[in-house]
Amino acid sequence: MDQKFDEATQKELATFLEREQAMAKMQSSIQQLTGICWNKCVTGTPGKYFSSSEQSCLANCVDRFLDSSLFMVKQIEEKRNQGGFS
Amino acid sequence: MAARKEAMMNAVRQEMALQNAQELMNKANESCYAKCVTRPGDSLSSTEQTCLSRCLDRYLDAFTIVSRTYTTRIGKEREARDPAALS
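Residues numbered from 1 in each chain as written. Chains lettered and ligands numbered in written order. Predicted model: local features only at pLDDT ≥ 70, side-chain atom pairs only at ≥ 80, totals over all residues. Heavy atoms only, no water.

- In the annotation of an unreviewed UniProt entry, chain B is listed under the name Mitochondrial import inner membrane translocase subunit and assigned to Pholiota conissans.
- Comment text from UniProt for chain B, heading Sequence similarities (unreviewed entry), reads "Belongs to the small Tim family."
- Within the UniProt record for chain B, the comment given under Subunit (unreviewed entry) is "Heterohexamer." (UniProt positions renumbered as here; feature names shortened; annotations may be inferred.)

- Under the annotation held in an unreviewed UniProt entry, chain A carries the name Mitochondrial import inner membrane translocase subunit and is attributed to Pholiota conissans.
- The record in UniProt for chain A states the following under Sequence similarities (unreviewed entry): "Belongs to the small Tim family."
- Its UniProt record gives chain A the following Subunit (unreviewed entry) comment, quoted word for word: "Heterohexamer."

### Considering the interface of chain B and chain A
Right, so step 1: Each side of the interface is counted separately: chain B has 30 residues, and chain A has 41 residues.
Right, so step 2: Taken together, the links from chain B to chain A amount to 3 salt bridges.
Right, so step 3: For Asp-67 of chain A, the salt bridge goes to Arg-73 of chain B, with nearest N and O atoms at 2.6 Å.
Right, so step 4: At the boundary of chain B with chain A, the tally comes to 10 residue pairs in polar contact (both at pLDDT 80 or more). (Contact = heavy atoms within 4.5 Å. Salt bridge = Lys/Arg side-chain N within 4 Å of Asp/Glu carboxyl O. Polar contact = N/O pair within 3.5 Å; in protein donor to acceptor, adjacent residues only side chain to side chain.)

### Re the pattern of salt bridges
Right, so step 1: Overall, the coordinates contain 6 salt bridges over all chains when judged by the stated rule.
Right, so step 2: As a salt-bridge pair, Arg-58 of chain B and Asp-61 of chain B come within 3.0 Å of each other at their nearest N and O atoms. Of the two residues, Arg-58 of chain B and Asp-61 of chain B are both situated in helix H2 (residues 46–81); the distance of 3 residues between them amounts to about one turn of the helix.
Right, so step 3: One salt bridge in this structure joins Glu-77 of chain B and Arg-73 of chain B, with 2.7 Å as the shortest N-O distance. Within this pair, Glu-77 of chain B and its partner Arg-73 of chain B are both found in helix H2, separated by 4 residues, close to a single helical turn.
Right, so step 4: The exposure class assigned to Glu-77 of chain B is partly exposed, which follows from its relative accessible area of 24%.
Right, so step 5: One connected set of salt bridges, linked through shared partners, spans Asp-63, Arg-64 and Asp-67 of chain A together with Arg-73 and Glu-77 of chain B. (Helix = DSSP H or I, 4+ residues; strand = E, 2+ residues; numbered from the N terminus. Buried < 20%, exposed > 50% of the residue type's maximum accessible area, 1.4 Å probe, protein only.)

### Things to note about the nonpolar core
Right, so step 1: One finds Cys-37, Trp-38, Phe-50, Leu-58 and Val-62 of chain A to be the most contacted residues of the largest nonpolar core, which totals 24 residues.
Right, so step 2: When contributions to this core are tallied by element, the ones reaching two or more residues are helix H1 (7–41) and helix H2 (52–81) of chain A together with helix H1 (2–36) and H2 of chain B.
Right, so step 3: Looking at this core, the element that brings in the most residues is H2 of chain B, giving 8 residues.
Right, so step 4: Each residue touching Phe-50 of chain A, except ones within four places of it in the same chain, is listed here: Trp-38, Val-42, Gln-55 and Leu-58 of chain A together with Arg-58, Asp-61, Ala-62 and Ile-65 of chain B. (Core = buried A, V, L, I, M, F, W, Y, C linked by side-chain atoms within 4.5 Å.)

### Observations concerning the state of the cysteines
Right, so step 1: Per the stated rule, a full pass over the model turns up 4 disulfides over all chains.
Right, so step 2: Between the sulfur atoms of Cys-41 of chain A and its disulfide partner Cys-57 of chain A the distance amounts to 2.0 Å. Torsion about the S-S bond of the Cys-41 of chain A and Cys-57 of chain A cystine: about -75 degrees, corresponding to left-handed handedness. Highlighted residues: Cys-41 of chain A in helix H1 and Cys-57 of chain A in helix H2, separated in sequence by 16 residues.
Right, so step 3: In this model Cys-32 of chain B forms its disulfide with Cys-55 of chain B; the gap between the sulfur atoms is 2.0 Å. (Disulfide = S-S within 2.5 Å.)

### Some details on the UniProt feature "domain: Tim10-like" (unreviewed entry) in chain B
Right, so step 1: The positions that UniProt labels "domain: Tim10-like" (unreviewed entry) are, in the present scheme, residues 11–71 of chain B.
Right, so step 2: Secondary structure content for residues 11–71 of chain B is 85% helix and 0% strand, while the C-alpha to C-alpha distance between its ends is 25 Å.

### Overview of the packing of H1 of chain A against H1 of chain B
Right, so step 1: Direction vectors running N to C along H1 of chain A and H1 of chain B enclose 10 degrees, while the axes themselves pass 11 Å from each other. In terms of their interaxial angle, H1 of chain A and H1 of chain B are classed as roughly parallel. Between H1 of chain A and H1 of chain B, the residues in contact are Thr-9, Glu-12, Leu-13, Phe-16, Leu-17, Glu-20, Met-23, Ala-24, Gln-27, Gln-31, Gln-32 and Trp-38 of chain A and Lys-5, Met-8, Met-9, Val-12, Arg-13, Met-16, Asn-20, Glu-23, Leu-24, Lys-27, Ser-31 and Lys-35 of chain B, respectively.
Right, so step 2: Split into classes, the residues belonging to the contact of H1 of chain A with H1 of chain B amount to 11 nonpolar, 6 polar and 7 charged. (Axes fitted to C-alpha atoms, helices over the stretch in contact; angles between N-to-C directions. Parallel < 35°, antiparallel > 145°, perpendicular 65-115°, else oblique. Nonpolar A, V, L, I, M, F, W, Y, C, P; charged D, E, K, R; others polar.)

As structure tokens, then:
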């Protein structure tokens, strides 16, 4: 077990770990968003199925959250360009 | 060596899947407890149990919907930024 991996394998493992880390980050965003959107969209006692309005609320919630995030970045950039931030 | 590499990768994958499942269960429990057990009594009533069981199912549904929407959107954003990098 004390034998080291050869260089090619080390590289492969590094790439693999990078990819897994990116995946983990994405999974954690999805977990966070599930919580946010659950609170916004599922207001009553949970039923046997989701209503179609609950389903579309959840999907819209994700897209609008990402829209907001992009919008915020734009706003900050604009403010910075106008010298609003020093 | 190849076997050792595979074993290592599988261990990482398993650990990731476990973490993800645990986090999902924790969040589902938190959300559903808040929704279903509004005034804790001596034990879980059958109404509370029915609510918890349905709530868990819906939470998993919500995770699936959010997951699908999120990955679709990320794919679109990536495509818009770099149309050549479609893999």
